[in-house]
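Architecture at a glance
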Amino acid sequence: MPAGRPTKYSGTPKELKAVQKMAELGCIDVEFADYLDITRSTYYEWLKEHPEFSDAIKRGKDKADEEIELSLNTLAKGYTRTVQKCIPGIGIVDTEEYFQPNVTAQIFWLKNRKPHQWRDKQTVEMETRQSRPLEISVLVSGDGAKVNNAIKIIEGEAVKVD
C-alpha cells in the first residue's frame with residue numbers, strides 16, 4: 001500500500017468537462033490547481049498519471065488556440081460586420097461596417113508563420129578566402145546614442161576594435 005494521503009483525483013466526466021472548459025477559457029496551470037484544490041506539483045503529476053485528465057486539458061487548449069488563430073487571421077485580413085446604428089427620426093438600422101486589416105496582426109502572423117523571412121534578427125553567413133583580417137563596421141545603439149564600432153573577424157572570432 002502506497003504511503004501518503006489518498007488522491008483527490010476523481011476523473012469524473014463532470015470534473016473532466018470542467019477542466020476542459022477552463023482550458024478553453026484560457027486558464028493557466030496555477031488556476032487549474034487552485035480550482036482542484038491541489039498544489040501545482042500534484043497538478044503536474046495528474047497530467048502524467050491520468051491521460052484522460054491531460055487529454056481534456058489538451059482538447060480545451062487546442063480549441064482556444066484555434067479560435068485565437070482564426071481571430072488573428074480575420075484581423076490580419078480585415079473584415080466586414082453588421083452593426084446596428086440608431087439614426088434620429090428613422091430608428092435602429094443595420095449597416096455594414098468595414099474594419100481595415102490590422103498591420104500588427106499581419107506582422108505577428110508573418111513572424112510566426114515565416115520566421116526565416118520575417119523575424120527581426122537576420123543571420124548572414126559569409127565566407128572569405130582572404131589572408132588578412134576582414135574588417136566590418138557595425139552600427140551599435142546604446143542609450144539612444146548611435147556609436148560606430150569596428151569589428152575584426154579573425155579566424156572565425158569577432159574582436160571589437162576601439
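Here the residue numbers are simple positions, counted from 1 along each chain's written sequence. For a predicted model such as this one, the threshold for reporting local features is a pLDDT of at least 70, and the threshold for listing and counting side-chain atom pairs is 80 or more; totals across whole chains, interfaces and linings nevertheless cover every residue. Heavy atoms throughout the structure, all of them, feed into the side-chain values; hydrogens and water do not.

**So, the overall build of the protein chain**
The condition that has to hold: Comment: elements are numbered from the N terminus, with helices defined as DSSP H or I runs of at least four residues and strands as E runs of at least two. Exposure categories follow from relative accessible area, calculated using a 1.4 Å probe and restricted to protein chains: below 20% of the type maximum is buried, above 50% is exposed, and the middle band is partly exposed. Contacts between residues were defined by any pair of non-hydrogen atoms, one from each residue, lying within 4.5 Å.
Looking only at helices and strands, one finds six helices and five strands in the protein chain. Counting over 162 residues, the protein chain shows a buried share of 16%. If you take every contact in the protein chain between residues at least 6 apart in sequence, the share linking residues at least 24 apart comes to 30%.

**Digging into the pairing of strand E2 (residues 91-99)**
For clarity, the cut-off: Following DSSP output, two strands are said to pair if at least two bridges run between them.
Pairing geometry for strand E1 (residues 79-87) and E2, over nine bridges, is antiparallel. Of the residues in E2, the one forming a bridge with Lys85 is Val93. Counting the residues that bridge the hairpin from E1 to E2 gives three residues, and of these Gly89 lies at a positive phi of roughly 85°.

**Observations regarding the packing of aromatic side chains**
For clarity, the threshold we go by: In this scheme Phe, Tyr and Trp rings, the latter by its six-membered ring, pair at centre separations within 6.5 Å, and the angle between planes marks the pair as stacked below 30 degrees, edge-to-face above 60, and tilted otherwise.
According to the stated counting rule, one finds seven aromatic pairs in the structure shown. Seen in terms of ring centroids, Tyr9 and Phe53 are 5.9 Å apart; in terms of plane orientation they differ by 90°. Their pairing is edge-to-face. You can see Tyr9 sitting in the segment before helix H1 (13-24) and its partner Phe53 sitting in helix H4 (residues 51-77), a full 44 residues away along the chain. Each member of the pair, Tyr9 as well as Phe53, carries the same accessibility label: buried. Aromatic pair Trp46 and Phe53: ring centres 5.7 Å apart, planes at 85°, arrangement edge-to-face. Pair check on accessibility: Trp46 and Phe53 agree, each one buried.

**A closer look at unusual backbone geometry**
Positive phi outside glycine occurs at Asp37, with the angle close to 60°. Within the element layout of this structure, Asp37 appears in the loop between helix H2 (29-36) and helix H3 (40-49). Judged by its relative accessible area of 55%, Asp37 falls in the exposed class.

**Some remarks on the packing of H3 against H4**
The description of two packed helices rests on the angle between their axes and on the distance between the axes. Quick note on the threshold: Throughout, an axis means a line fitted to C-alpha atoms (over the contacting stretch in the case of helices), and angles, computed between N-to-C directions, take values from 0 to 180 degrees. Any angle that falls under 35 degrees is termed roughly parallel, while one over 145 is termed roughly antiparallel, one within 65 to 115 roughly perpendicular, and all others oblique. Any residue outside Ala, Val, Leu, Ile, Met, Phe, Trp, Tyr, Cys, Pro, Asp, Glu, Lys and Arg is labelled polar, Gly included; the first ten of those are nonpolar and the last four are charged.
For the pair H3 and H4, the least separation of the axes is 5 Å and the interaxial angle reads 105°. One element, H3, and the other, H4, form an angle in the roughly perpendicular class. Each of Tyr43, Trp46, Leu47 and Glu49 in H3 lies in contact with H4, whose residues at this interface are Pro51, Phe53, Ser54 and Ile57. Looking at the contact of H3 with H4 residue by residue, the classes come out as six nonpolar, one polar and one charged.

**Things to note about the environment of Lys17**
Tracing the backbone through its elements, the reader meets Lys17 in helix H1. Sequence-wise, Lys17 and Ile57 are 40 residues apart; in three dimensions their C-alpha atoms are separated by 9.0 Å.

**Considering the layout of surface pockets**
Let me state the cut-off plainly: Think of a 1 Å grid over just the protein atoms. A cavity is a set of points where a 1.4 Å probe fits yet cannot get out, a pocket is an open set with protein on both sides within 12 Å along at least five of seven lines, and lining residues have an atom within 4 Å of a point. Grid points are joined across faces, edges and corners, and a volume is the space filled by probe spheres set on the points.
A volume near 280 Å³ is recorded for the largest pocket. Residue lining of the largest pocket: Arg5, Pro6, Thr7, Lys8, Asp37, Ile38, Thr39, Thr42, Glu45, Trp46, Glu49 and His50, and that is the complete set. In terms of residue class, the lining of the largest pocket is made up of three nonpolar, four polar and five charged.

**Describing H2**
Quick note on the threshold: The directions from the helix axis to the C-beta atoms form the arc being described.
Buried within H2 we find Phe32, Ala33 and Leu36. Buried residues of H2, viewed axially, fall in a sector of 95°; they line one side. Asp37 sits one or two residues past H2 and shows a positive phi near 60°.

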